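Architecture at a glance
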Amino acid sequence: MTDVNKIIELLHNPSKEDIVLITKAYTFAKKAHEGTKRFTGEPYFTHAFETAKNLALFGVDSCSVTAGFLHDVLEDGDVNEETLKKEFGEEILFLVDGVTKLGTLKYRGTKRHVESLRKLFIATSHDVRVLIIKLADRLHNIKTLGGHPEKEKRERIALETLEIFVPLVDRLGMGRLKQEMEDYAFPYIYPQKYQTARKLFQQKNKGLSQHVQKFYLALQNKLTESGIKDIKTSYRIKGMYSLYNKLLRYEMDIDKIYDIVAFRVTVPTIEDCYQILGIVHGAWKPLPGRIKDYIAIPKPNGYQSIHSTVFTGDGEIVEIQIRTRQIHREAEYGIASHLAYKEKYLKHSIKQPMTVKKQLGWIQELLQWQKEVSESGIFLKDLKMDFFKFRVFVFTPKGDVIDLPIGATPIDFAYAIHSDIGNHTAEAKINRKMASLKTKLKSGDLVEIITKKKACPTRKWLDYTETNLAYRQIHLYLQKNQGR
Ligand code: MN
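Residues numbered from 1 in each chain as written. Predicted model: local features only at pLDDT ≥ 70, side-chain atom pairs only at ≥ 80, totals over all residues. Heavy atoms only, no water.

1. Some words on the overall build of the chain
Spelled out, the test is: In DSSP terms, a helix is any run of H or I states spanning at least four residues, a strand is any run of E spanning at least two, and both are numbered starting from the N terminus. When accessible area is computed with a 1.4 Å probe and restricted to protein chains, residues below 20% of their type maximum are described as buried, those above 50% as exposed, and intermediate ones as partly exposed. Here, residues are in contact when the closest pair of their heavy atoms is within 4.5 Å. We get accessible surface area from the Shrake-Rupley algorithm with a probe of 1.4 Å; when it comes to residues, only the shown protein chains can shield them.
In terms of regular secondary structure, the chain is built from 19 helices and ten strands. Classification of the 484 residues of the chain by burial places 50% in the buried group. Considering only intrachain contacts with a sequence separation of at least 6, the fraction spanning at least 24 residues in the chain is 66%. Roughly 24500 Å² of accessible area belongs to the chain as shown, and the carbon and sulfur atoms make up 52% of that amount.

What follows is the structure, given as structure tokens:
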């Protein structure tokens with residue numbers, strides 16, 4: 001079951017060195033964990049193996065996969081830092097050390113929520129790979145949580161996953177991991193809500209599954225008309241946690257939720273996406289007002305896709321998601337897909353910038369920055385993961401994290417939350433003290449906006465903004481209210 005070849009198969013074009021390194025880590029970890037068992041009763045090494053496998057699936061570099069194998073040898077194996085450094089070098093030691101340190105942060109309920117998050121960010125600010133390894137580790141832990149003997153611990157781990165890891169994963173754009181974590185954690189924290197969602201789903205699914213099969217075939221047939229080679233279709237079932245939250249917004253009426261099943265069409269180019277949309281709408285009537293073009297306007301976390309909801313013609317309504325292969329990879333693996341891509345890009349030192357047009361979002365800003373750095377001849381490897389340095393992470397009074405560019409002010413913060421809040425900002429508190437609206441925010445700041453009905457943007461505010469979003473909104477407001 002724990003065969004190293006299973007992991008090597010998952011790597012994209014591994015070099016000889018990659019394979020040697022990973023095999024060495026495999027053997028080393030196996031020996032280090034020999035004789036130790038996990039809380040589930042299985043050999044400890046299984047956990048190291050599954051963590052490394054998750055990383056290979058995310059598509060990150062070989063150093064991260066190696067560190068995945070080794071991530072627990074300092075704490076749970078009989079290995080010291082010196083040995084690790086001698087065998088695997090400084091970079092791997094750094095990654096393993098980072099993950100070990102993160103492991104000491106424990107979530108102790110909502111009061112510590114904010115503080116833990118802050119520590120987490122600070123601790124990982126040196127290298128995003130540390131965070132990604134931790135996520136791979138957590139994924140296996142939450143998957144096997146049922147084997148944990150203590151109820152209290154099960155609940156703590158599940159809650160910590162949902163409240164600390166999931167928002168992070170979302171911010172990193174790792175869609176697939178987000179759903180997995182949510183759905184594994186959900187039943188432990190909210191067993192009754194989980195049952196409610198499951199029951200509603202099962203009832204609905206009885207009638208739905210036939211329609212799904214029928215529509216799926218019809219869709220595949222129709223799409224061959226496009227003449228586009230290499231169209232891939234699939235469908236996914238909505239995760240229970242996400243379904244439950246949507247049910248809450250629709251008075252628990254499952255018939256109002258149209259994306260329980262979503263059909264996915266992936267094609268080579270963006271032009272193809274719009275062509276497919278045309279074909280779909282030609283064959284099935286779309287629901288008015290439900291076409292969402294996240295390719296033209298990506299979501300804040302970088303998510304891209306075209307969504308449309310159509311009548312199947314036999315009484316059902318389904319959602320169709322259209323995207324390119326590249327976009328699909330990014331939606332599933334987020335920042336991790338960029339790391340792998342970048343790696344290849346570096347190795348072959350292609351002069352061209354990275355395909356498709358730049359998306360919005362900070363991941364893109366990061367890539368842009370990396371490109372500039374690499375062109376100026378600074379050795380990229382040391383710097384490339386260091387992106388947290390160029391954003392500030394601040395907190396809302398509820399403990400939500402908002403990330404902004406360096407130099408951002410409470411005005412940027414207010415607009416990042418909502419344009420209505422931005423347009424009625426009167427005063428701001430930073431770390432519970434009154435502060436000027438032009439204060440530059442620092443990572444870890446707790447920011448509170450005090451709104452007043454009569455407060456409104458002034459021309460001066462334009463100088464206090466760092467984000468395009470705030471600038472545009474203020475500009476728009478001033479235009480609308482000219483001469484008042
Ligand atoms: Mn672990």
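2. Notes on the packing of helix α3 (residues 44-58) against helix α4 (residues 62-70)
Cut-off, in case you're wondering: Axes, fitted as lines to C-alpha atoms, cover a helix only where it is in contact. Angles between the N-to-C directions of the axes lie from 0 to 180 degrees. An angle below 35 degrees is treated as roughly parallel, one above 145 as roughly antiparallel, one from 65 to 115 as roughly perpendicular, and anything else as oblique. Note on convention: the crossing is left-handed when the near helix lies turned anticlockwise from the far helix by less than a right angle, right-handed when the turn is clockwise. Each residue is assigned to one class: nonpolar for Ala, Val, Leu, Ile, Met, Phe, Trp, Tyr, Cys and Pro, charged for Asp, Glu, Lys and Arg, and polar for all the others, Gly among them.
Remark: α3 packs on α4, axes separated minimally by 7 Å, with the N-to-C direction vectors making an angle of 165°. Taken together, the axes of α3 and α4 are roughly antiparallel relative to one another. In terms of crossing hand, the pair formed by α3 and α4 is right-handed. Along its contact with α3, which presents F45, A48, F49, T51, A52, L55 and A56, the element α4 presents S64, V65, G68 and F69. Counted by class, the contact of α3 with α4 contains eight nonpolar, three polar and no charged residues.

3. Focus: the sheet that holds strand β2 (residues 261-267)
Just so we agree on the cut-off: In this description, strands pair whenever DSSP reports at least two bridges between them.
Taken in spatial order, the five strands of this open sheet run β1-β2-β5-β4-β3, and their pairing is mixed. Bordering the open sheet on either side are β1 (232-237) and β3 (292-293), each of which pairs with just one other strand. Taken together, the six bridges between strand β4 (residues 306-311) and strand β5 (residues 317-324) define a ladder with antiparallel strand orientation. Looking at β5, one finds that I306 is bridged to I322.

4. Here we look at the coordination of the manganese ion
To keep it simple, the criterion reads: Metal coordination here is assigned from N, O and S atoms located within 2.8 Å of the ion, or within 3.2 Å for Na, K and Ca; omission of water means that sites may look incomplete.
At 2.1 to 2.3 Å from the manganese ion lie its protein donor atoms, namely H47 (NE2), H71 (NE2), D72 (OD) and D137 (OD). Within one chain, the residues serving as donors to the manganese ion are arranged as H-x23-H-D-x64-D. Here H47 is found in helix α3, whereas its partner D137 is found in helix α8 (residues 128-143), with 90 residues between them in sequence. What makes H47 buried here is its relative accessible area of 2%. Relative accessible area serves as the criterion here: at 5%, D137 is assigned to the buried category.

5. Observations regarding the nonpolar core
Formally: Within this scheme, the nonpolar core is defined by two criteria: the residues are buried Ala, Val, Leu, Ile, Met, Phe, Trp, Tyr or Cys, and they are joined through side-chain atoms within 4.5 Å. In this document the domain limits rely on a domain assignment from an automatic tool or a database.
Of all hydrophobic cores here, the largest spans 98 residues; its most connected members are F58, F69 and L70. Broken down by element, this core gets its largest block of residues, ten residues, from helix α11 (residues 191-224). Taken domain by domain, this core gets at least three of its residues from each of domain 1 (4-187) and domain 2 (191-336). With residues near it in sequence (within four places) discarded, L70 still touches A25, F28, A29, L84, F88, I92 and V96.

6. Let's talk about the pattern of salt bridges
To be explicit about the condition: By definition, a salt bridge exists where a carboxyl oxygen of Asp or Glu is found within 4 Å of a side-chain nitrogen of Lys or Arg.
Counted under the stated rule, the structure contains 23 salt bridges. With a closest N to O distance of 4.0 Å, K232 and D230 form a salt bridge. With relative accessibility at 46%, the residue D230 sits in the partly exposed group. The structure contains a network of salt bridges with shared partners spanning R236, K238, K246 and D259.

7. So, α11
Here is the rule we go by: To get the bend at a residue, fit one axis to the 7 residues ending there and another to the 7 starting there, then take the angle between the axes.
Of all the bends in α11, the largest measures some 45° and sits at K206. Regarding α11, the residues found buried are Y194, A197, L200, F201, K204, L208, V212, F215, Y216, L219 and L223.

8. Observations concerning the packing of helix α2 (residues 16-32) against α4
Across the interface, α2 lies against α4 with an axial gap of 8 Å and an inter-helix angle of 5°. As far as their axial angle goes, α4 and α2 are roughly parallel. Here D18, L21, I22, A25, Y26, F28 and A29 of α2 come into contact with α4, specifically with S62, V65, T66, F69 and L70. Of the residues contributing to the contact of α2 with α4, the split by class is nine nonpolar, two polar and one charged.

9. Side note on the side chain of T425
What counts is decided by this rule: For the purposes of these results, a polar contact is taken to be a pair of N or O atoms within 3.5 Å, where, inside protein, one atom must be able to donate a hydrogen and its partner to accept one; residues adjacent in sequence count only when each atom of the pair is a side-chain atom.
For T425, the position within the fold is in strand β8 (residues 425-430). On the accessibility criterion, T425 (3% relative accessible area) is buried. Within the local environment of T425, its side chain forms a polar contact with the backbone oxygen of I421, the two atoms lying 2.8 Å apart. Engagement of the side chain of T425 in a polar contact is seen with the backbone oxygen of G422, the distance being 3.2 Å. Not counting the four nearest positions on each side in its chain, T425 is found in contact with A414, L437, I449, I450, T451, A455 and W461.

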